[in-house]
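# Architecture at a glance
Here is how the chains run, residue by residue.
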Amino acid sequence: MADEIAPFGDSALLVTLGRAADRSLTVRARAIAEALGAAGASTAGLGRPIPAHASVLVPFDPLVLDREAAVGFVRRAMETAPDGAGAEPDLARTASAPSAVEIPVRYGGDDGPDLDAVAGHCGLRPEDVIELHAGARYEVLFLGFAPGFAYLGGLPVALSTPRRASPRERVPAGSVAIAGEQSAVYPQAMPGGWNLIGRTDTVLFDPARTEPSLLSPGAAVRFVPAR
Amino acid sequence: MILDVLDGGLLTTVQDAGRPGWTHLGVPVSGAADPWSRAVANLLAGNDEGEAALEMTLIGPRLRARTGGLIGLAGADLGGRVVGGRRLGVGRSHWVAAGDEIAFEGAGAGRRPGRGARCYLAVAGGIDVPVVLGSRSTCLAGGFGGLDGRAIRPGDQIAKTDAPDRGGPAEAELVWPAVNPNGTGRDDGPVALRVLPSPDDGADALADGSWRVAAAADRVGVRLEGRALPAELGGETLTHGVPWGAIQVPPDGRPIILSADHQTTGGYRVAAVVISADLPLVGQLRPGDEVRFVVTDLAEADRAVRARHEALAAGAAALREAAGWDDLVASAGG
């Protein structure tokens, strides 16, 4: 489908690149957001863009920046941002690069109360789930849901498991989880419906750090069994 | 001035103009749920309209002034008074003397009971809490900003910043002179919210009839009940960034209006988006309120946000004149 730029309320534009989760669209959304972010740093009224699976939300202040001018910035960013399709085969290579963030995980037990359920759903033994999960290389698709909550692509298809039928009222901070075709780490204690397979002591989000979020869009991630 | 917290009230947090620069890392924007009233409270205290102020919810705190100072109050009338003494009306500034105990017992104790959920208390000079990621606003989800990322509680101290305040007119009360051209949400009858159609369908169905605010109404979002939208207008969609005011429709068809602490991304269909000028009304909704939606267009949305800015600027100009605050201005984006 053609790219689409549409007003989303009076103070934002939504750039829609497609209707399905597709890594090349996610990479392109990220590139557009980065190009816009660079433009926004020097443009009054242009807010911080939010990339997602196949879209970019571009906030702007209509008192400061004309809507047509905002659309113009988006068009220019879309022209300069690299086409995501070219980045398709890069996942394994970038993820295995030395810059991959390593997150130590205690799998199973009280730390991962849903490990057995995930194993049951996937027709695997719990130790197979651990091996597959820790053997894969992940990529931060985008962040959302909570401060520092990164949606990680690259989960082995064999581990794909739907969300729990009823969400937990409180998921402990550091919980390593699976839902659908993604993995994630809960940065703070909060309600959540993902399947919890382990837990890490790594601090995912600390507003006092220069880079508050351990994981940023596009980063490569590996999970390392801690026991 | 320094205020000792004796009782925190239902949910009283420090909020300023918000933290818009970190949404790409999942950090909600936060800030006052009713930015108009936060701006008015600040201007009444001689502050920049985007300064940090206390946002009280339904039942406010009890505070004791250790030192005296000027405060500005705006938003819902939560029955503010000096204990054993005078009432502290909204849309006014008040001189609070050292030793005064002030209390906000709840909307039922106000002059016009029953409407509005949030009241803002600004302290001349602003509230001194650390700036975290560019803002003093409390991020309840992340547990940072404001006072240790939480609501105020007994034993806390609310202090003004080191910045010199304007030494406002002691004993004098300033009255906010301008009307919000977009309404206050505290009049009788259903609250009318103007909405823009979203890229998903559903705006007309949303506007066809009224809704009731459910008990689940907080800084993250306001749940509506009383009826449900047809299944095809709700449900899950590919997760994307969502703006403040987006009206999400979960699979049960009962819409949620996203408010100041909303998550940066969402995975439900969006039926419509409340115009920026009417977001202060969303911040004043309380459980049981009747809400209806009116579909409008971008031209009216832009006119309304401009009118709001002009009304704030006019109010600031009148206060400047009345109090001799030469450099008091309402900045853009209020």
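Every value quoted in this text rests on a predicted model; they were computed, and no experiment measured them.

## Observations concerning the overall build of chain A
For chain A, the count of helices and strands is 5 helices and 13 strands. Taking 227 residues into account, the globule formula puts the C-alpha radius of gyration at 17 Å, and chain A, at 19 Å, falls close to it. Counting the 227 residues in chain A, one finds 54% classified as buried. In chain A, the proportion of contacts linking residues at least 24 apart, taken out of those at least 6 apart, comes to 61%. Put simply, chain A has 20 plus and 26 minus side-chain charges, and the middle of one group is 2 Å from the middle of the other.

## Focus on the nonpolar core
Ile103(A), Val140(A), Leu152(A), Leu215(A), Val221(A) and Phe223(A) are the most contacted members of the largest nonpolar core, which has 34 residues in total. Elements represented by at least two residues in this core include exactly strand S5 (101-107), helix H4 (115-122), helix H5 (126-135), strand S6 (137-143), strand S7 (150-153), strand S9 (175-179) and strand S13 (220-225) of chain A. Beyond its immediate chain neighbours, meaning those up to four positions away, Val140(A) contacts Arg30(A), Ala150(A), Tyr151(A), Leu152(A), Leu215(A), Ser216(A), Pro217(A), Gly218(A), Ala219(A) and Val221(A). Of all hydrophobic cores here, the second largest spans 27 residues; its members include Met1(B), Leu73(B), Ala107(B) and Val123(B).

## Digging into the domain arrangement of chain A
Residue and element names in this part refer to chain A. As far as domains go, chain A holds domain 1 (4-89) and domain 2 (97-225). A separation of 27 Å is found between the C-alpha centroids of domain 1 and domain 2. Taken together, the contacts link 6 residues of domain 1 with 7 residues of domain 2. Contact between domain 1 and domain 2 buries roughly 610 Å² in total, counting both sides, with carbon and sulfur atoms accounting for 57%. The tally of links between domain 1 and domain 2 comes to 2 salt bridges. Salt-bridge contacts for Glu-139 lead to Arg-23; the nearest nitrogen and oxygen are separated by 2.7 Å. For the pair domain 1 and domain 2, the interface holds 4 residue pairs in polar contact (both at pLDDT 80 or more). In terms of residue count, helix H1 (residues 23-40) provides more of the side of domain 1 that touches domain 2 than any other element does, 3 residues in total. Each residue belonging to the side of domain 1 that touches domain 2 can be placed in one class, and the counts come to 2 nonpolar, 2 polar and 2 charged.

## As for the sheet that holds strand S1 (residues 2-7) of chain B
In a beta sheet, neighbouring strands pair by backbone hydrogen bonds and run either parallel or antiparallel. All names here are of chain B. Across the sheet, 5 strands lie side by side as S6-S8-S4-S1-S10; this open sheet has antiparallel pairing. Bordering the open sheet on either side are strand S6 (80-82) and strand S10 (157-159), each of which pairs with just one other strand. Averaged over all neighbouring strand pairs, the angle between strand axes comes to 25°, with direction disregarded. The sheet contact formed by S1 and strand S4 (residues 62-65) spans 4 bridges and is antiparallel. The partner of Asp-4 across the bridge, within S4, is Arg-64.

## Notes on the sheet that holds strand S3 (residues 53-57) of chain B
Residues and elements named next belong to chain B. Spatially, S2-S3-S9-S5-S7 is the arrangement adopted by the 5 strands of the open sheet, whose pairing is antiparallel. Every other strand in the sheet has two partners, leaving strand S2 (13-15) and strand S7 (92-96) as the edge strands with one partner each. Ignoring strand direction, the axes of neighbouring strands in this sheet form an average angle of 30°. Strands in contact with helix H1 (residues 35-44) are S2, S3, strand S5 (69-75), S7 and strand S9 (118-123); relative to S5, the strand with the most contacts, it is inclined by about 155°.

## Points about the environment of Arg163(A)
All names here are of chain A. Mapped onto the fold, Arg-163 is located in the loop between S7 and strand S8 (168-171). The class of Arg-163 is exposed, set by a relative accessible area of 51%. Spatially, the C-alpha atom of Arg-163 lies 21 Å from that of Arg-19, the residues being 144 residues apart in sequence. In contact with Arg-163, not counting residues within four places along its chain, are Ala-179, Gly-193, Trp-194 and Asn-195.

## Let's talk about H1(A)
Between the first and last C-alpha of H1(A) there are 25 Å, a value that for 18 residues agrees with the 26 Å anticipated at 1.5 Å per step. Burial of H1(A) is extensive: 13 of the 18 residues sit out of reach of the surface.

## Here we look at the domain arrangement of chain B
Accessible area lost during the coming together of the parts is what is often quoted as the interface size. Residue and element names in this part refer to chain B. Examined at the domain level, chain B breaks down into domain 1 (2-178 + 311-323) and domain 2 (191-296). Placing a centre on the C-alpha atoms of domain 1 and another on those of domain 2 gives a separation of 27 Å. The interface of domain 1 with domain 2 comprises 28 residues on the first partner and 16 residues on the second. Of all residues in domain 1, the largest losses of buried area upon contact with domain 2 belong to Ala-33, Arg-115 and Arg-118, amounting jointly to 29% of the total for that side.

## Re the pairing of S13(A)
The side chains of a regular strand alternate, residue by residue, between the two faces of the sheet. Residues and elements named next belong to chain A. Where S5 meets S13, 5 bridges bridge the pair, whose relative direction is parallel. Residue pairing in the sheet places Glu-102 in a bridge with Arg-222 of S13. The pairing of S6 with S13 spans 3 bridges and is antiparallel. Within S13, the residue paired with Tyr-138 across the bridge is Val-221.

## Overview of the interface of chain A and chain B
Listed as interface residues are 41 residues of chain A and, on the opposing side, 39 residues of chain B. Counting the surface lost from both chain A and chain B, the interface buries some 3100 Å², and carbon and sulfur atoms represent 68% of this. Across the contact surface, chain A and chain B share 1 salt bridge. Of the charged contacts in the structure, one is a salt bridge between Asp302(B) and Arg67(A), with a shortest N-O distance of 2.9 Å. For the interface between chain A and chain B, the tally reads 8 residue pairs in polar contact (both at pLDDT 80 or more). The set of elements that each furnish at least two residues to the side of chain A that touches chain B consists of strand S1 (4-7), strand S2 (12-16), strand S4 (55-59) and S6 of chain A. Considering only residue class, the side of chain A that touches chain B consists of 27 nonpolar, 9 polar and 5 charged.

## Topic: the side chain of Arg19(B)
Residues and elements named next belong to chain B. Within the secondary structure, Arg-19 sits in the loop between S2 and H1. For the buried Arg-19, which has no salt bridge, the nearest side chain bearing the opposite charge is Asp-16, at an N-O separation of 6.4 Å. Here the side chain of Arg-19 touches Ser-135 through a polar contact of 3.2 Å, landing on its backbone oxygen. If we ignore the near neighbours within four places in the chain, the residues touching Arg-19 are Val-27, Pro-28, Val-29, Ser-30, Val-132, Leu-133, Ser-135, Arg-136, Ser-137, Cys-139, Phe-144 and Gly-145.

## A short note on the packing of aromatic side chains
Here the structure, examined in full by the defined rule, presents 10 aromatic pairs over all chains. Ring plane angle 75° and centroid distance 5.4 Å describe the contact between Phe149(A) and Tyr186(A), whose orientation is recorded as edge-to-face. Here Phe149(A) is found in the loop between S6 and S7, whereas its partner Tyr186(A) is found in the loop between strand S10 (182-185) and strand S11 (190-192), with 37 residues between them in sequence. Using a relative accessible area of 0% as the deciding quantity, one classes Phe149(A) as buried. Counting every residue linked through ring pairs, the aromatic cluster contains Phe142(A), Phe145(A), Phe149(A), Tyr151(A), Tyr186(A) and Trp194(A). When the ring centre of Phe73(A) is taken as reference, the NZ or CZ atom of Arg76(A) above it lies at 5.2 Å. The ring of Trp211(B) has Arg227(B) sitting right over it, with the charged end atom 4.1 Å from the ring centre.

Definitions and limits used
Residues numbered from 1 in each chain as written. Chains lettered and ligands numbered in written order. Predicted model: local features only at pLDDT ≥ 70, side-chain atom pairs only at ≥ 80, totals over all residues. Heavy atoms only, no water. Helix = DSSP H or I, 4+ residues; strand = E, 2+ residues; numbered from the N terminus. Rg over C-alpha atoms; globule rule 2.2 N^0.38 Å. Buried < 20%, exposed > 50% of the residue type's maximum accessible area, 1.4 Å probe, protein only. Contact = heavy atoms within 4.5 Å. Lys, Arg positive; Asp, Glu negative; His and termini not counted. Charge placed at Lys NZ, Arg CZ, Asp CG, Glu CD. Core = buried A, V, L, I, M, F, W, Y, C linked by side-chain atoms within 4.5 Å. Domains from an automatic or database assignment. Buried area = accessible area lost by both parts, 1.4 Å probe. Salt bridge = Lys/Arg side-chain N within 4 Å of Asp/Glu carboxyl O. Polar contact = N/O pair within 3.5 Å; in protein donor to acceptor, adjacent residues only side chain to side chain. Nonpolar A, V, L, I, M, F, W, Y, C, P; charged D, E, K, R; others polar. Pairing = 2+ DSSP bridges. Axes fitted to C-alpha atoms, helices over the stretch in contact; angles between N-to-C directions. Expected span 1.5 Å × (residues − 1). Phe/Tyr/Trp six-rings, centres within 6.5 Å; stacked < 30°, edge-to-face > 60°. Lys NZ or Arg CZ within 6 Å of the ring centre and 35° of its normal.

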